[in-house]
Protein chains: 2
Amino acid sequence: METPTALLDVTRMQRNILRMQQRADDLGVSLRPHVKTHKCAEVVAAQIAAGATGITVSTLKEAEYFFDLGIRDVLYAVAMAPHKLPQALALRRQGCALTLITDSLAGARAIVEFGALQGEVFAVLIEIDCDGHRSGVKPQGPLLLEIARLLYGGGMLAGVLTHAGESYGLDTPEALRAIAEQERARCVAAAEVIRGAGLPCLQVSVGSTPTALSAVSLEGVTELRAGVYAFFDLVMHNVGVCRIDELALSVLTTVIGHQVEKGWIITDAGWMAMSRDRGTQSQKRDFGYGQVCTEGGEVIEGLLVGSANQEHGVAWFDGVAVDVVERFPLGTRLRVLPNHACATGTQFGSYGALLENGEVQVWERLRGW
Amino acid sequence: METPTALLDVTRMQRNILRMQQRADDLGVSLRPHVKTHKCAEVVAAQIAAGATGITVSTLKEAEYFFDLGIRDVLYAVAMAPHKLPQALALRRQGCALTLITDSLAGARAIVEFGALQGEVFAVLIEIDCDGHRSGVKPQGPLLLEIARLLYGGGMLAGVLTHAGESYGLDTPEALRAIAEQERARCVAAAEVIRGAGLPCLQVSVGSTPTALSAVSLEGVTELRAGVYAFFDLVMHNVGVCRIDELALSVLTTVIGHQVEKGWIITDAGWMAMSRDRGTQSQKRDFGYGQVCTEGGEVIEGLLVGSANQEHGVAWFDGVAVDVVERFPLGTRLRVLPNHACATGTQFGSYGALLENGEVQVWERLRGW
């Protein structure tokens, strides 16, 4: 394998996928994995084989890509921009069971009017704000019902959806259980408001990797969404929902130089390979640009990628004097565990998928819009 | 144009390219642009047309890509990893005048031995550490001459090279002039050490965008390298080497939602489009994930992308109450100026190149390794 390569430990990935599917099964909900993490046909196939009922996407290009590969049930979980409606229409007309989301009257109106004009009935979920994280309408307040009535009038009201993005900022089991319950309760409350007004609300969709792995009950919820769990990463490790030896994605790199006096190892995995994501910077343990492991995947305690330029990673042991030339001579291969699997993966056009029998396959990866 | 799109203002780019070429001409050195910023055939063509004598690359894939497009004179400015030598050999055998760099005895030995075995004489520059930034050997001390003698023994000693990466952390004309002079002086000193030992040192290559635009004299230098100047970005604006209206790259985005009470505008340019680069965070002005402009490119004072998720950007005015729905209704198009043009560009497979006559062309962009 050339370096840098995005190395995917398929054994770990498979275990992560089964773990999340088991949770969804135990909680009595269907699982709709978010494919934005991996954007890879083989990974989706493993998720579907494990029991996933459909997929969540972050771009319409992902929807098109995976629909072409035979996945019919697709949720586009970003508020629908009016100018993208023709692209959504084309997918529906080809037979894709595409669901859209909205969190505004203007957005809902655009979908309903475009649908009426084109003779297409879109399925639309109303996005609920359960934690002040980003988008969505409050479960209480008049806006939710106004949007629901508008969508219902067009025959397009499919349900509600939320995402507890604030869960990424937590790191204790208690806090995670609490936000998982808040995510569930507020989304179910929104569904109840809609039903209380005499409108249907079939789908109640919640999820994020931290809340999905922390929820005690998903009563009232119909489906669970999560993405990064398939690979996990250092951010999720800091949140507390995975062990470090469960991380399936790493970057294979080569030592290309040293600064002996400073104890620096220079590698060919800079930010172009790792991404600029510094997600662990604000967490309880800052892993710099990544945790360095041996080529075989053993964590090298204390050795982090401390800084990164475009094609140079600089790794060092914090406060420890190590003869880096002796221990990691030029040409040494290492693996680096990333902060954020979604961001690191997207720097590559494919994965080097390492199978349990040691074989390495090239798994293509979608990029762009 | 779909959104998000990497929009390239070709008029500004052309002006930036001419400005740097003029400086190289005035300073009496040749200009070898670093193409890692743009990785785009049309941009290289403009640089060559303006007078560039060759290119600098950050990966051998770039070398292959641009050699196939007719660029013969290529400097691979990352310390040569021994396992990549067969790839370099293949390029040389096809007629590419590829120059390599090294900063270690082990690296130099690997090149010389591989060359001897293959009957190929590589041209190699010794990388000099002029500011403690990353790689390179000190201009004083025995290592420089040991490497020089080893390379000379193989007939491969082509000269010295340095890059004042620490210049990115400065922001006054005085400090920039001082580091530019330090970059020049230390690289020239290294060349003198080599020549003093009776060895040749034909090439003396220095550069970074900040030092290239600040140097008063490049006496003793033969060529200048710089990359980001073709596009500039907010980091360079903070360094003080460009005006904000000289930034050629922006991301075209669409408003997809609002959080009215918070004054938030939600756009479809999240970190997947902007990159996770937060280069201005440690500078005198933090631009978040980018400076928001109108669709036409006018800066909207005070409106920054304050946070970003994968496909969501969140922009707000700092401390100012603005009716964001009224002013930026759903579907509004905006442009966002990025922190770091190299990092933002690489998120896209192509540029939307906006010509002076208003025409938009698709300019392909290389990615990966």
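Residues numbered from 1 in each chain as written. Chains lettered and ligands numbered in written order. Predicted model: local features only at pLDDT ≥ 70, side-chain atom pairs only at ≥ 80, totals over all residues. Heavy atoms only, no water.

Notes on the interface of chain B and chain A
Opposite the 55 residues of chain B that make contact, chain A presents 55 residues. Note on chain B versus chain A: buried area summed over both sides is about 4,500 Å², and carbon and sulfur give 53% of it. Counting the surface chain B buries against chain A, the share from its top three residues, Arg-134, Leu-330 and Trp-369 of chain B, is 17%. Measuring nitrogen to oxygen at the nearest pair gives 2.8 Å for the salt bridge that ties Lys-84 of chain B to Asp-268 of chain A. Scanning the region where chain B abuts chain A turns up 23 residue pairs in polar contact (both at pLDDT 80 or more). For the side of chain B that touches chain A, the secondary-structure elements that each account for two or more residues are α5 (105-118), β10 (249-259), β11 (264-267), α10 (271-274) and α12 (341-345) of chain B. (Contact = heavy atoms within 4.5 Å. Buried area = accessible area lost by both parts, 1.4 Å probe. Salt bridge = Lys/Arg side-chain N within 4 Å of Asp/Glu carboxyl O. Polar contact = N/O pair within 3.5 Å; in protein donor to acceptor, adjacent residues only side chain to side chain. Helix = DSSP H or I, 4+ residues; strand = E, 2+ residues; numbered from the N terminus.)

Overview of the relation of the copies chain B and chain A
You can overlay chain B on chain A at an RMSD of 0.0 Å; the transform is a turn of 180 degrees with a shift of 0.0 Å along its axis. What the rotation and shift describe, once combined, is the action of a two-fold rotation axis. When each C-alpha of chain B is compared by its distance to the rotation axis, Arg-276 of chain B comes out closest, at 2.5 Å. Interface overlap between copies is the fraction of interface residues in one copy that are interface residues in the other; for chain B against chain A it reaches 100%, indicating a shared surface. (Least-squares fit on C-alpha atoms with pLDDT ≥ 70 in both.)

Quick word on the sheet that holds strand β4 (residues 73-76) of chain A
All names here are of chain A. An order of β2-β9-β8-β7-β6-β5-β4-β3 is seen for the 8 strands of this open sheet, with the pairing classed as parallel. Each having just a single partner strand, β2 (30-33) and β3 (55-57) make up the two edges of the open sheet. For this sheet, the mean inter-axis angle between neighbouring strands, taken without regard to orientation, is 30 degrees. Two elements, strand β7 (residues 157-162) and strand β8 (residues 203-206), share 3 bridges in a ladder whose sense is parallel. Opposite Gly-159, over in β8, you have Gln-203 as the bridge partner. (Pairing = 2+ DSSP bridges. Axes fitted to C-alpha atoms, helices over the stretch in contact; angles between N-to-C directions.)

So, the pattern of salt bridges
Residues and elements named next belong to chain A. Counted by the stated rule, this structure contains 32 salt bridges over all chains. Among the ionic pairs, Glu-192 bridges to Arg-195, the shortest N-O distance being 3.0 Å. Taken as a pair, Glu-192 and Arg-195 lie in helix α7 (residues 173-196) at a separation of 3 residues, close to a single helical turn. Among the residues examined, Arg-195 registers a relative accessible area of 33% and is labelled partly exposed. With a closest N to O distance of 3.7 Å, Arg-243 and Glu-246 form a salt bridge. Looking at Glu-246, the relative accessible area reads 12%, which means it is buried. (Buried < 20%, exposed > 50% of the residue type's maximum accessible area, 1.4 Å probe, protein only.)

Remarks on the packing of helix α1 (residues 10-27) of chain A against helix α2 (residues 41-50) of chain A
Residue and element names in this part refer to chain A. Packing of α1 against α2 leaves a shortest axis separation of 9 Å and a crossing angle of 40 degrees. The angle between the axes of α1 and α2 places the two elements in the oblique class. The element α1 and its partner α2 pack so that their crossing is right-handed. Judged by residue contacts, Met-13, Gln-14, Ile-17, Leu-18 and Gln-21 of α1 engage Val-43, Ala-46, Gln-47 and Ala-50 from α2. Tallied by class, residues from the contact of α1 with α2 come to 6 nonpolar, 3 polar and no charged. (Parallel < 35°, antiparallel > 145°, perpendicular 65-115°, else oblique. Left-handed = near helix turned anticlockwise from the far one by under 90°. Nonpolar A, V, L, I, M, F, W, Y, C, P; charged D, E, K, R; others polar.)

So, the confidence of the model for chain A
The predicted model of chain A has a mean per-residue pLDDT of 97, with 100% of residues at 70 or higher. ipTM for the predicted complex: 0.97, alongside a pTM of 0.97. (pLDDT = per-residue confidence, 0-100.)

With respect to helix α6 (residues 142-153) of chain B
All names here are of chain B. An ideal rise of 1.5 Å per residue puts 16 Å on 12 residues; α6 measures up with 17 Å between its terminal C-alpha atoms. The inward-facing, buried residues of α6 abut β5 (97-102), α5, β6 (123-128), β7 (157-162) and α7 (173-196). Gly-155 occupies a position one or two residues after α6 and carries a positive phi of about 70 degrees. (Expected span 1.5 Å × (residues − 1).)

Remarks on the environment of Ala-52 of chain B
Residues and elements named next belong to chain B. Mapped onto the fold, Ala-52 is located in the loop between α2 (41-50) and β3 (55-57). In this structure the C-alpha to C-alpha distance between Ala-52 and Met-20, which are 32 residues apart in sequence, comes to 9.8 Å. Non-local contacts of Ala-52, meaning those with residues more than four positions away in its chain, are made with Gln-21, Leu-31, Pro-33 and Gln-47.

Regarding the side chain of Glu-183 of chain A
Residue and element names in this part refer to chain A. By the secondary structure assignment, Glu-183 is in helix α7. Despite its burial, Glu-183 remains without a salt bridge, the nearest opposite charge being carried by Arg-225 at 6.0 Å. Within the structure, Glu-183 has its side chain in polar contact with the backbone nitrogen of Gly-207 (distance 3.1 Å). The residues touching Glu-183, leaving out its near neighbours within four places in the chain, are Cys-130, Thr-162, His-163, Ala-164, Val-206, Gly-207, Ser-208 and Thr-211. (Lys, Arg positive; Asp, Glu negative; His and termini not counted.)

Notes on the packing of aromatic side chains
Taken as a whole and assessed by the stated rule, the structure comprises 12 aromatic pairs over all chains. Relative to Tyr-351 of chain A, the ring of Phe-231 of chain A has its centre 5.6 Å away and its plane inclined at 85 degrees; by these criteria the two rings are edge-to-face. Linking Phe-231 of chain A in the loop between β9 (223-226) and α9 (234-239) with Tyr-351 of chain A in strand β16 (residues 350-354), this pair joins segments that are 120 residues apart in sequence. In this pair, the class of Phe-231 of chain A matches that of Tyr-351 of chain A, namely buried. Centre to centre, the rings of Trp-264 of chain B and Trp-316 of chain B are 5.9 Å apart; their planes meet at 25 degrees, and the pair counts as stacked. Here Trp-264 of chain B is found in strand β11, whereas its partner Trp-316 of chain B is found in strand β14 (residues 313-317), with 52 residues between them in sequence. (Phe/Tyr/Trp six-rings, centres within 6.5 Å; stacked < 30°, edge-to-face > 60°.)

Observations regarding the sheet that holds β5 of chain B
Residues and elements named next belong to chain B. Ordered in space as β2-β9-β8-β7-β6-β5-β4-β3, the 8 strands form an open sheet in which the pairing is parallel. The open sheet has two free edges, formed respectively by β2 (30-31) and β3, since each of these has just one partner strand. When β6 meets β7, the two strands line up parallel, connected through 5 bridges. Paired with Ile-128 across the strands is Thr-162, a residue of β7.

With respect to the nonpolar core
Ranked by internal contacts, the top residues of the largest apolar core, which has 242 residues, are Ile-126 of chain A together with Ile-126 of chain B. Those residues in contact with Ile-126 of chain A that sit more than four places away from it in its chain are Thr-102, Val-137, Leu-144, Ile-147, Ala-148, Leu-151, Leu-157, Gly-159, Val-160, Leu-161 and Ile-194 of chain A. (Core = buried A, V, L, I, M, F, W, Y, C linked by side-chain atoms within 4.5 Å.)

Observations regarding α7 of chain B
Residues and elements named next belong to chain B. With 24 residues, α7 should cover 34 Å at 1.5 Å per step; its first-to-last C-alpha distance of 34 Å lies within 8% of that length. When we look at burial in α7, the residues that qualify are Leu-176, Ile-179, Ala-180, Glu-183, Arg-184, Cys-187, Val-188, Ala-190, Ala-191 and Ile-194. Buried residues in α7 make contact with β6, α6, β7, β8 (203-206), α8 (209-212) and α9 (234-239). Of the residues trailing α7, Gly-198 is marked for its positive phi of about 85 degrees.

Focus on unusual backbone geometry
Each neighbour pair has its own omega, and for Thr-3 of chain A with Pro-4 of chain A the value is -5 degrees, a cis peptide bond. Even without being glycine, Ser-275 of chain A reaches a positive phi, approximately 80 degrees.

Quick notes on the pairing of strand β17 (residues 360-364) of chain B
In this sheet, β17 of chain B lies alongside strand β16 (residues 350-354) of chain B in antiparallel orientation, the contact comprising 5 bridges. Bridging from a neighbouring strand, Ala-353 of chain B pairs with Gln-361 of chain B of β17 of chain B.

Side note on the packing of helix α4 (residues 85-93) of chain B against α5 of chain B
Residues and elements named next belong to chain B. Two elements in contact, α4 and α5, have axes separated by 11 Å at closest approach and are oriented at 50 degrees. By the angle between their axes, α4 is oblique relative to α5. Once α4 is placed against α5, the crossing between them reads as right-handed. Contacts from Leu-85, Pro-86, Leu-89 and Arg-93 of α4 reach α5 at Ala-110, Ile-111, Phe-114 and Gln-118. Considering only residue class, the contact of α4 with α5 consists of 6 nonpolar, 1 polar and 1 charged.

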